[in-house]
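Fold and contact review
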Amino acid sequence: MRTLTIEPLTKEAFAPFGDVIETEGSDHFMINNGSTMRFHKLAVVETATPEDKAIISIFRADAQDMPLTVCMLERHPLGSQAFIPLLGNPFLIVVAPLGDEPVSGLVRAFVTNGRQGINYHRGVWHHPVLTIEKRDDFLVVDRSGTGNNCDEHFFKEDERLILAPHQ
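Definitions and limits used
- Residues numbered from 1 in each chain as written.
- Predicted model: local features only at pLDDT ≥ 70, side-chain atom pairs only at ≥ 80, totals over all residues.
- Heavy atoms only, no water.
- UniProt positions renumbered as here; feature names shortened; annotations may be inferred.
- Helix = DSSP H or I, 4+ residues; strand = E, 2+ residues; numbered from the N terminus.
- Rg over C-alpha atoms; globule rule 2.2 N^0.38 Å.
- Buried < 20%, exposed > 50% of the residue type's maximum accessible area, 1.4 Å probe, protein only.
- Contact = heavy atoms within 4.5 Å.
- Areas by Shrake-Rupley, 256 points an atom, 1.4 Å probe, with all protein chains shown as cover.
- Lys, Arg positive; Asp, Glu negative; His and termini not counted.
- Charge placed at Lys NZ, Arg CZ, Asp CG, Glu CD.

In the annotation of an unreviewed UniProt entry, the entry for the chain reads Ureidoglycolate lyase, and the organism field reads Pseudomonas cucumis. In the Function (unreviewed entry) part of its UniProt record, the chain is described as follows: "Catalyzes the catabolism of the allantoin degradation intermediate (S)-ureidoglycolate, generating urea and glyoxylate. Involved in the utilization of allantoin as nitrogen source."

And the structure:
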């Protein structure tokens, strides 16, 4: 099994998969009579139909044992999905490019700096949320509506990957 190299999360490296939600290097302007800096349109919520709604949730995630064998990825074909850390902790991201199914050899891994959120573009393959802390909270912005919005792909045994952040 291939061990994933964990890359620092940057806007450029993550661009094929979605948006990095951060203030660092982002355009901004002043509002509220000059008392507030607005970092505008850091990501766009994508939905498939006009009837869909963008919703806001909180996910409370528990850490998984590491090293982790990456056996599956999921995608949301009808909407984007954003994760914004609420407690300021770094978290891990495992993604693969758009396609009918993820290609094991193209899977990449990233780690945030704890102040970055991410927005997976519609249809991007990704691992479910991966917290580094024992338990962590995330503000999640995604789509609600009719239709199946979660496809799962399970890798064959020889396609599985290892995620080992502590090595």
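Focus: the overall build of the chain
Scanning the chain for helices and strands turns up one helix and 17 strands. On C-alpha atoms alone, the chain measures out to a radius of gyration of 16 Å, which is about the 15 Å that the 2.2 N^0.38 rule sets for 167 residues. For the chain, the spread of C-alpha atoms along the three principal axes comes to 60 × 40 × 30 Å. Taken across its 167 residues, the chain has 40% of its residues classed as buried. Sequence-distant contacts, at least 24 apart, represent 82% of the contacts inside the chain between residues at least 6 apart. Accessible area for the chain stands at about 9300 Å²; split by element, carbon and sulfur atoms hold 50% of it. Taking the average location of the 15 positive side-chain charges in the chain and that of its 23 negative ones, the two points are 3 Å from each other.

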